[in-house]
Amino acid sequence: MTANSSSRLYVRKASAGSGKTYTLAAHYIALLMHGVSYRQILAVTFTNKATAEMKERILTYLHAIAREVEKSETQDFLRRVSDIYAELGYGKLPNPQICQQKAEELYKDILSNYDRMAVTTIDTFFQQLLAGMVLTLDGAVGYSVEIDSDMVITNAVGQLLTNDAQDPTLCRHITDYMKTRMADDKNWNIRSGLIAIAKELYTELLQEKKEQVVTDPMRLEQFKKGLHQLLQKQKETDELRALLQKAQQWDEKSFSRGKDIISHLDNYRRTLDNTLEKKEIAFNPFTENQTKNIRIEENFQSFYKGSDRQQAYAMMNRIVDLAQNLRAARLREELLTQHLSDLVLIQYLRDAINNVLQENNSRLLAETACTLAQALRPGDADFILEKAGIRYQHVMIDEFQDTSTLQWENFRHLVEEILGNGGSTLIVGDVKQSIYRWRNGNWEIMQGLQGNPSIKPLVRNFRSRKEIVGFNLRLFDYLCKKEEDPRIKDIYNEGFTEKRLEEYYVNGKHDGGYVQLHFYPSAYNGEGKHQARALILSDMFRTMNRLLKQGEKAGSMLILIRNHKEIEEILDAFEHLPESADFHELKQTHIVSNDCFCLEYSQSVNIIIQALRYLHNDDAIAQEYLLQRRPDKTPEDLKRLNEKDLPLNDLVEAIIQQYLIGENGETDGKDMAYLCSFKDSLKRYVGLHGSDLPSFLQYWDDKLRQSTIPSVEGNDIRIMTIHASKGLESDNLFIPFADWKMEEDKQNSKLWCEVPELPAENGQSALLPVSKQKSMQEAGFTEYEQEHKMERIDNLNLLYVALTRAADRLYVYSDVESTKDKDKDKDRKTYHVGQLMAEYTEAIEPLQKAIDSKEFNNPANCVERTYGQEIYPIAPSEKKEKISAPFRFTKAETLEAHYHSGTSHITFRQSGDARKYTETVAENSRQVMDRQSFGTMCHDILATLGLFATTEKAIEAVRIAVADFYQQGKIPNEAVRKEIETILVRTVSAEEMRPWFTGDGEVWCEQAVLYPHPKSHQPEERRMDRVRINGTKAAVLDYKFGEEEKSYYQQVKEYMYILRQMGYEHVEGKLWIANENKLQEVNA
Amino acid sequence: MNKTFLQQVTDQLLDQFGWNGLKNITIVFPMHRAGLFIKQALEQRMMQESISYPVLLPEMLTIDELADKYSTLRPEEEIRAVCRLYTCYRDKTTTRLDIDSFYGWGLQLLKDFSAADMALLDSEKLIRHVSEAGELDNSGVDKDVAERLNKLLGNNGENGSVRKYYQDLWKQLPEIYTAFRTSQQAEGFGTRGAITRQVVENFDALVKNIEGKTFAFVGFNYLLKAEYALMERFLQREQAIFFWDYDPTFDVDEKVYGFIQTYMQKFPNALIQPNETNKKPELNIVACQSSEAQAQYVHEWLQKYHKAGDKTAVVITDESMLEQVVYALPDGEQFQKANITKGYPLKETRIYAAVTEWLTQPENENPDCIIQLGNLIETMAERFMPQQCTEEENWHDILSIEAYYQTMTRLRKLKTLLEDKENVRSLVQKPKTLRNLVKRNLESVLIPFHGEPITDIQIIGVLETRLLDFDNVLILNAEEGIVPGTGHDNSFIPYDIRRIHQMQTREEESKIYAYNFFRLLRRGKHVTMTFSDAFTKDGKKSMSRFLMQLLTTPSYAKQISTYRLMERAERNAAEYQQRESLAEIPVSLSPSAICDYIECEREFYLKHILKIQEPEQESDMYQPNTFGTLVHGTLEQVYRNITKKQEHTPAHITITKEDIQTFLDDTPNGLKNALNAAYKEAEESYRSHHPKCQTTPYISEKHEPENVVILEMVTRVLQRDMATAPLTIIGMEKWVEKDGLHGRIDRLDIITEQGRNYLRILDYKTGGYNKEKLSADSISTLFTKPEKRFILQTLLYCKMVSDSGLNTEELPLMPQLLFPRSIDGDPHIFIDKRPVTDYADCQDEFESRLADLLKEIRAKKEFAPAPKDKCENSKCYCPFHLLCGRKKADFTF
């Protein structure tokens, strides 16, 4: 952003605990108080969860100002609003009474138009913009939004492999792809491989640089050849060959350890050809140490005995240079060619995905930002906003460090426009808490604002107590000093001083606090790891129990984990806590989680799935599973359920009834939350994709089994991943496994690298996927090192986020491996965060001893470090006062949920048409027309006819009415249509029928009459086909389209009776027998 | 008992017009069902007053039917209208859109056109308004808005920009509209808006012969402009009276739905409010986690509140909840009379699934779309033709008849359209287009359920509650985004213009919703609302704004009780229990059974004692074992071919390098034929094992890429054989059974290595080559480390061969493993870093350890699972993970 536009740009670097949401809400309310409409403020948050939180907070604060202005918390808040008000240049905030009034009005107004409050995630916002211009993009984008891109991808890959693969060219490419996987020890079921590639297409990098991805098989083939030729033609190889030739003449005696050197050279010469023929990767001729010595002239001189020292030195160095170049080139070739067959398939995948989308007329949520970026040409930004009917004057962005490049690309148009028009922009974020790089978050955008005069750091920590603030400050001060990457120092530019600490925590109110670190020995080869983890969990649970005894609430404890896999280990340990006084209180509590409990943990859900699986393909494992759970049920019982070919929802319900409902008509209720969540998901699935069992089972395997169940916070111990914990806090925080690596090359991870050797269509270097591995460095890919540097920042940030969640007490546990290696500096790179902390607290030396002793399961070998006092008298009054939401359900009475399922005797009526015409419809295949429904239809058509001036007009009306019925799909086919038309035209055109359809006067067509039955006196309803009224005269007509029957006359007689009862003096009755084309007189 | 609104209306009508006057009244409602209640109220009065003569019921219409009655136009079928619009659109623009891509927003455009007519809007003016900014200034539009619109639609778009594109289209809109309207009217059709508008604008000419009639407009809330005008016209003729259901003392917030007060000034309320004390209902709010729990809560709620004879409503705000609620209903006499009045999504029915499935089968693609559609209709009729309705209809049967009927009529509509209109048919050339049209036509259909409205429990949608009163009300999913529903501003007409011209926007939608919602509260005695506030994958849910309003309106907040429904989340995992009666350990064990035992005793128990087999997975790609079967089969066929022997064991025929080369060169289709023969055998064997199965997984045509890979692997084996040749084949896929061991040996052959002859025991492994798997430190490790199973297996084969006398020439037995995927992996196995070239070298140790193991197995009673960490670390995917209650390993490649 340009400097002059920054006058009303406010950037807040908000460290953890500094009250970010509070500040945003205060900013928002300051704008409202100035008279800005909430419709003109756009507040963008990072997640849906944050959006909900933000909206609720704004309402809560408004409510507090409106109705609880006298409370001190409200006063505090108003002071913050007042500061911002002044900062925005609005002068002095109006007095509390006026604020109170305004807040009351605003509260009501916002509530009645709640969805107009533009607090939203950036994705949703873009989505709204895009929805407004679907048509404008000329059908390039679909009409509805598909959120689940995985589902689309799975479908597309399925299509590609079955239907599309019959195309010979594609088949060849798939085969090539399979063959490359054959060479590696990989599974040849390429389905998941293709799914993985397809998923990558939706990373931002590849969407943004789509044109740099070369997929043309011819060009890739050429490139592959070219790469090798490049290698062979190198002048350098000739030179190397010559030099090696020459080196053969060296005498062993010329070197002090000559045999080694000479044999290395010999060896190298022999393998050189293999390398050049691409059979294997070249090795360096010398060991690392040797190379070092060759490089340094003095060292070389000391072990070279020959006379031509200068020459030999030069020659050896040249050989080393050339060999390294060759190796680099060879590695590069190897790395670059690994995934070429993936690339060829990319185009096919894209097409297949687009096909699927087109069929469903939808577009992917994942593509929103990119589509928008392409549409947003200069001058279009304001148009698109206008089109969406919105005009923002103020914008606020939360978690700015997690904004992606594309998102910002789109968003800055808006920001610039707003600033240009005199509006304001508030950006809040903290690069230290940037942990979403994997979701395209790019903290460099925020860091790029560094030096902008509008930046103001928010550092005071309203969350943590002094010891915790101090520990974190010192720890990160130490860690940053040890890091090489200067960016880390920039990000964590705080440093530790006593003065700073005083500045950072809330003096007086937030004294005390406690930090406890536990390190457990384990060896480099993984020995002792299991014991360490078991010890960690039992120590952690013991501590929790101790705190519970001291009166801490279970709800004040939070366990943070690095990844989902750790949850089961923790739950297992929790469920198997031994009977001991050490865990007595803990055993009364529960662990809840919002993002960790997967559906597949639940027995009830598994029973349903296994039953479905058994019904689907007689799965014997499923059968055994069911037999284990319910030995009283036989497979035949299950088979019987599906005899009716039930829709999926009903089938599941039937399974629940058979397997889960007990004699009391309920399930046992223990895993109610899982069961309910499963049914919600099932419902959503069926709603989106229909009632298809095999694809649902596939969906279960691919995705659903790992989807997590929601939970509501009560007074339970919470557990969650660090990523989900952002913005949250807890009085007592536990990090049981602080052992994530700072850098890591995960198997199967790829980096997309710029490859100048291959120009893309647009002239830029192509982007190629390269397996992420160490040799990339030697092969000259700078991306590797960059990535590793970024990983260090990610993982450091993750530690920062984790440690700063704690308010009162912080417990960290880690197993620590041996660090015996000599080369300490190099080794430090492989440290995990626990080791870094151990290093900081100087716990490594004592741990080393324990590792040497190999007594891994001895608790005495654990090293503990503490700061502050665990028991610090925290008076309730010292606890932070917060403004509470008026509509929170925290104090609600609890009811236990039960699951029932029955066969209900529900009734409903069929829509008139279906009942009347289903028989007709059914006849379609039998080619016979049922008289009754045929008649019903004729009746219905005639009922639409009023009176006409002439018979011709009446005939025309009949034709139109029949055509309408036909077009509505009510008449099965053309033949029937003709038949009906003929008979009805005959009806209205018959000479004696004319008076019924033409002329003036009153006519009732199937008008209802309430008729008190002469005997029962119960009112009954009668509908007469056609009645003509003329003063005191009434005539009734009944049509019949079947054979003549006696009862018909009775019916007409009753009608005539009714008409007379109604007071008509002259009543006549007629019966039209359509088949015979005759009108019968009915006599009373 | 308090009278319901419709009873009040009935009473007043009778008081005013008398029984005989009814026939001169036309009652106009916002919805159809209200008529039933008027009828019921009249019947009650009839009984009370002992009326003995028949009475002609008043005419009862919805406002749309009222317009239809007097208009010369009639509504057009949706699909026809969209096709008509598409033709106009295509003629006026340079679009590249297909009809099926157009369909979705064609519907939108139709809605926009209809809405413009409903707003009595001059479409020409719509455009002029904004292209000439001056006009807007004069029309009293806010300057700010005018400027905004000018920016939006004014002439300043650059070429090629989105703006330009939109503006061009916008300018064409009146033309498209005119063309569409003209074309529609020529055939006597109109949109809903156009029909109402026609009556409003030609009121005097169209609305005739109504002398002496009175039009009673009952229970309306928000009025569209044309509806308002229509009422105004009737009022001008002094032939209209109005009944509003509005209680000014019911004070949530006048902002929510105060619009009715404005209407009441224009159309005075004929309803005489009964003198009620300001009674307020008992209100409960229940927070839940899931939707399902809310459905389940219906059960308890009904038991608590519903008594026989009460009018009780379970209001379903999220239509997909219907089924869950129905299943959760309690049994018992007083709950038997439950009625559904709610749309049910066709998409969730079996017939919908069947239609979509039919459409995606390539064999159902027919170039002539009418034939295709006809076939579809026939197929569906055959499959889903309703059974003769039984005496006791259950609601599933009725539902399927309804679903069937809806589907069939929709399909027929499309078919008649294609037959009628040559131009439409020409648009639908490709099967894909037809497929999408069918889908678009069916996917949003709601099957209308009409409950018997007079009886006890109503399971009902919010809209369907209009005009009705209930004693007990349970409102489900009172969540923001559902109550009120997420309005959207999807419209081609800019928001500001819609505002200026009083077209309905989402603000009004939520006001209408609010009116309906609070009306239920006002007229109820017990009202309970449930909502979910859990974090889910789709974001956080939160309570409806209406609940927030109630909770923070002091006069209500006091009488609200709040509850939270707790759903327990215990995993209740159970350990696997071995069956009490232990089935027999088989007399003879295969090498893989022995390996499985070493890997995990429980796996051995399940696989080899209980004989539980993993089912064949249907997949887009072959599973590894299928691959293996075919590779083995093909190799067998190849050698049968080379040796010209058709028996299973082409014994003792020496094959030279040239033999193989000749096979590869001379018979270009040799490999393919061998593969086909292998397919045939695999299929036969599959059928004999799965007599019930209709299909086999072995369909060559569907797996072309795999076939290529299989042949590639076979070729690699042949090439390696050429390098080894000459070789003498003793047996292929040779079955050996001896002393409690049995197995099938892939190949037995005699080869020469460094001048010495060996009897080679060869096993193919279609997995990836890995030297680690072929080398072990010692014989004893084979019996403890499951990852060395390949070595153990081949040594077991060696033992069987040597025991069963197959080694007639007494050659050294050399075990080897060939990996068809690898070109040059060393096939030897290594013990203590030395290749095993003669089984005799390790025979003693191996066999004595084997004997110990077999003894152990035979004595076993309890089969324990492998320790957890070992099981998790194992790279292989275990099909039995679920039975052990262990997590499925994340199977990454």
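Residues numbered from 1 in each chain as written. Chains lettered and ligands numbered in written order. Predicted model: local features only at pLDDT ≥ 70, side-chain atom pairs only at ≥ 80, totals over all residues.

A. Local environment of the overall build of chain A. Helix and strand counts for chain A come out as 42 helices and 25 strands. For a compact globule of 1084 residues, the expected C-alpha radius of gyration is about 31 Å, and chain A comes in at 40 Å, more than 25% above that figure. If you line up chain A on its principal axes, its C-alpha atoms span 140 × 80 × 75 Å. The 1084 residues of chain A split such that 42% are buried. Considering only contacts within chain A whose residues lie at least 6 apart along the sequence, 77% involve residues at least 24 apart. (Helix = DSSP H or I, 4+ residues; strand = E, 2+ residues; numbered from the N terminus. Rg over C-alpha atoms; globule rule 2.2 N^0.38 Å. Buried ≥ 20, exposed ≤ 12 C-beta atoms within 10 Å, placed from the backbone. Contact = placed C-beta atoms within 7 Å.)

B. Representation of the overall build of chain B within the structure. Helix and strand counts for chain B come out as 36 helices and 25 strands. When each of the 893 residues of chain B is scored for burial, the buried share is 45%. If you take every contact in chain B between residues at least 6 apart in sequence, the share linking residues at least 24 apart comes to 77%.

C. Spotlight on the domain arrangement of chain B. All names here are of chain B. Under the domain assignment, chain B is made up of domain 1 (5-72 + 200-266), domain 2 (77-190), domain 3 (282-564) and domain 4 (618-647 + 659-725). Computed over C-alpha atoms only, the centres of domain 1 and domain 3 are separated by 28 Å. Contacts between domain 1 and domain 3 engage 23 residues on the former and 19 residues on the latter. Counting residues per element, the ones that place at least two in the side of domain 1 that touches domain 3 are α1 (5-21), α2 (34-48) and α13 (254-257). Ranked by residues supplied to the side of domain 1 that touches domain 3, first place goes to α2 with 4 residues. Class assignment of the residues belonging to the side of domain 1 that touches domain 3 gives a composition of 15 nonpolar, 3 polar and 5 charged. (Domains from an automatic or database assignment. Nonpolar A, V, L, I, M, F, W, Y, C, P; charged D, E, K, R; others polar.)

D. Fine view of the sheet that holds strand β22 (residues 1026-1030) of chain A. Residue and element names in this part refer to chain A. The strand order across the open sheet built from 5 strands is β19-β22-β23-β24-β25, with neighbouring strands paired in mixed fashion. Looking along the sheet, the strands with just one partner apiece sit at the ends: β19 (1002-1005) and β25 (1078-1082). Each adjacent strand pair in this sheet contributes to an overall mean axis angle of 20°, direction not counted. Along the sheet face, helix α42 (residues 1046-1061) touches β23 (1033-1040), β24 (1066-1073) and β25 and points at about 155° away from the line of β24. (Pairing = 2+ DSSP bridges. Axes fitted to C-alpha atoms, helices over the stretch in contact; angles between N-to-C directions.)

E. Layout of the domain arrangement of chain A. One can read the domain layout of chain A as domain 1 (3-137 + 363-458), domain 2 (477-595 + 716-874), domain 3 (599-706) and domain 4 (912-1082). Taking only C-alpha atoms into account, the centre of domain 1 of chain A sits 45 Å from that of domain 3 of chain A.

F. Fine view of the packing of helix α2 (residues 48-67) of chain A against helix α3 (residues 72-87) of chain A. Residue and element names in this part refer to chain A. α3 packs onto α2 with a crossing angle of 110° between their chain directions and a minimal axis gap of 10 Å. In terms of axis orientation, α2 runs roughly perpendicular to α3. For the pair α2 and α3, the crossing hand works out as left-handed. Touching Y61, A64 and I65 of α2 are T74, F77 and L78, all from α3. (Parallel < 35°, antiparallel > 145°, perpendicular 65-115°, else oblique. Left-handed = near helix turned anticlockwise from the far one by under 90°.)

G. Region of interest: the interface of chain B and chain A. Contacts between the two partners involve 152 residues from chain B, matched on the other side by 144 residues from chain A. Per-element accounting of the side of chain B that touches chain A gives the leading share, 12 residues, to helix α19 (residues 395-420) of chain B. Of the residues belonging to the side of chain B that touches chain A, the class tally is 69 nonpolar, 38 polar and 45 charged. Sheet topology places strand β20 (residues 1008-1012) of chain A next to strand β2 (residues 55-56) of chain B; 2 bridges connect them, and they run antiparallel. Considered in β2 of chain B, the bridge of V1009 of chain A is made with L56 of chain B.

H. Fine view of the packing of helix α39 (residues 951-967) of chain A against helix α40 (residues 974-989) of chain A. All names here are of chain A. Viewed as axis vectors pointing N to C, α39 and α40 meet at an angle of 155°, and their least axial separation amounts to 9 Å. Between α39 and α40, the interaxial angle falls into the category roughly antiparallel. Note that α39 runs across α40; the crossing there is right-handed. In contact with T951, A954, I955, V958, R959, V962 and Y966 of α39, α40 contributes R977, I980, E981, L984, V985, V988 and S989. Its residues assigned to classes, the contact of α39 with α40 shows 9 nonpolar, 2 polar and 3 charged.

I. Just helix α36 (residues 844-853) of chain A, in detail. Residue and element names in this part refer to chain A. Within α36, burial applies to L847, A850 and I851. Looking down the long axis of α36, one finds its buried residues gathered within 100° of arc, a one-sided arrangement. Looking at α36, the residues exposed on the side facing more than 90 degrees away from the buried face are E845, K849, D852 and S853. At its buried positions, α36 is contacted by β9 (514-521), β16 (806-816), α35 (833-840) and β17 (863-868). (Arc of directions from axis to C-beta.)

J. Local environment of the pairing of strand β14 (residues 526-532) of chain B. Residues and elements named next belong to chain B. Counted residue by residue, β14 has 6 buried out of 7 residues, so it is predominantly covered. Note that strand β8 (residues 282-288) and β14 share 7 bridges and pair parallel. Note that in β14 the partner of C288 across the bridge is S532. In the sheet, strand β13 (residues 472-475) pairs with β14 via 4 bridges, with the strands oriented parallel. Looking at the pairing, V473 lines up with V527 of β14.

K. Fine view of the confidence of the model for chain A. All names here are of chain A. Of all residues in chain A, 92% have pLDDT values of 70 or greater, and the mean over the chain is 86. Counting interchain partners and residues more than four positions distant, the pLDDT-below-50 stretch residues 1-5 has 7 contacts. Contacts of residues 920-929 to residues separated by more than four positions or lying in other chains number 23 contacts, the stretch itself having pLDDT below 50. (pLDDT = per-residue confidence, 0-100.)

L. Molecular detail of the nonpolar core. If you look at the biggest cluster of nonpolar residues, it comprises 530 residues, and the most contacted ones within it are I29 and L349 of chain A together with V315 and L547 of chain B. For this core, the element with the most residues is helix α16 (residues 340-359) of chain A, which contributes 11 residues. Setting aside residues up to four positions removed in sequence, L349 of chain A forms contacts with A156, L160, L194, I197, A198 and L201 of chain A. Among the nonpolar cores identified, the runner-up in size contains 5 residues, and A146, L149, I493 and I500 of chain B belong to it. (Core = buried A, V, L, I, M, F, W, Y, C linked by C-beta atoms within 7 Å.)

M. Broad picture of the confidence of the model for chain B. All names here are of chain B. Per-chain confidence: chain B averages 85 in pLDDT, with 90% of residues scoring 70 or above. Here residues 889-893 is a poorly scored stretch, pLDDT under 50, and it has 8 contacts once near neighbours within four places are set aside; other chains count. Here the complex is predicted with pTM 0.88, and the ipTM for its interfaces comes to 0.89.

N. Seen up close, the pairing of β20 of chain A. Among the 5 residues of β20 of chain A, 4 are classified as buried, and the element is accordingly described as predominantly covered. Linking β20 of chain A back to strand β21 (residues 1019-1023) of chain A in an antiparallel pair, the connection comprises 6 residues, with H1017 of chain A at a positive phi of about 65°.

O. The arrangement of unusual backbone geometry in detail. The peptide bond linking V483 of chain B to P484 of chain B adopts the cis configuration, its omega dihedral lying at -5°. One can find P484 of chain B in the loop between β13 and α22 (495-500). One non-glycine residue with positive phi stands out, namely H1017 of chain A, at about 65°. Residue H1017 of chain A is classed as exposed on the basis of its C-beta count, with 12 C-beta atoms lying within 10 Å. With a phi close to 45°, D739 of chain B is a non-glycine residue in the positive phi region. When you line up the elements, D739 of chain B lands in the loop between β19 (727-738) and β20 (741-753).

P. Examining the sheet that holds strand β21 (residues 756-764) of chain B more closely. Residues and elements named next belong to chain B. The strand order across the open sheet built from 5 strands is β18-β19-β20-β21-β23, with neighbouring strands paired in mixed fashion. Each having just a single partner strand, β18 (653-655) and β23 (813-818) make up the two edges of the open sheet. Averaged over all adjacent pairs, the angle separating strand axes in this sheet is 40°, with direction ignored. Alignment of β18 against β19, held across 3 bridges, turns out to be antiparallel. Its bridge partner lying in β19, T654 is registered against T728.

Q. Seen up close, the environment of G132 of chain A. Residue and element names in this part refer to chain A. Assignment of secondary structure puts G132 in the loop between α5 (122-131) and β4 (144-146). Owing to 23 C-beta atoms within 10 Å, G132 belongs among the buried residues under this scheme. The contacts of G132, once residues within four sequence positions are left out, are I384, K387 and A388.

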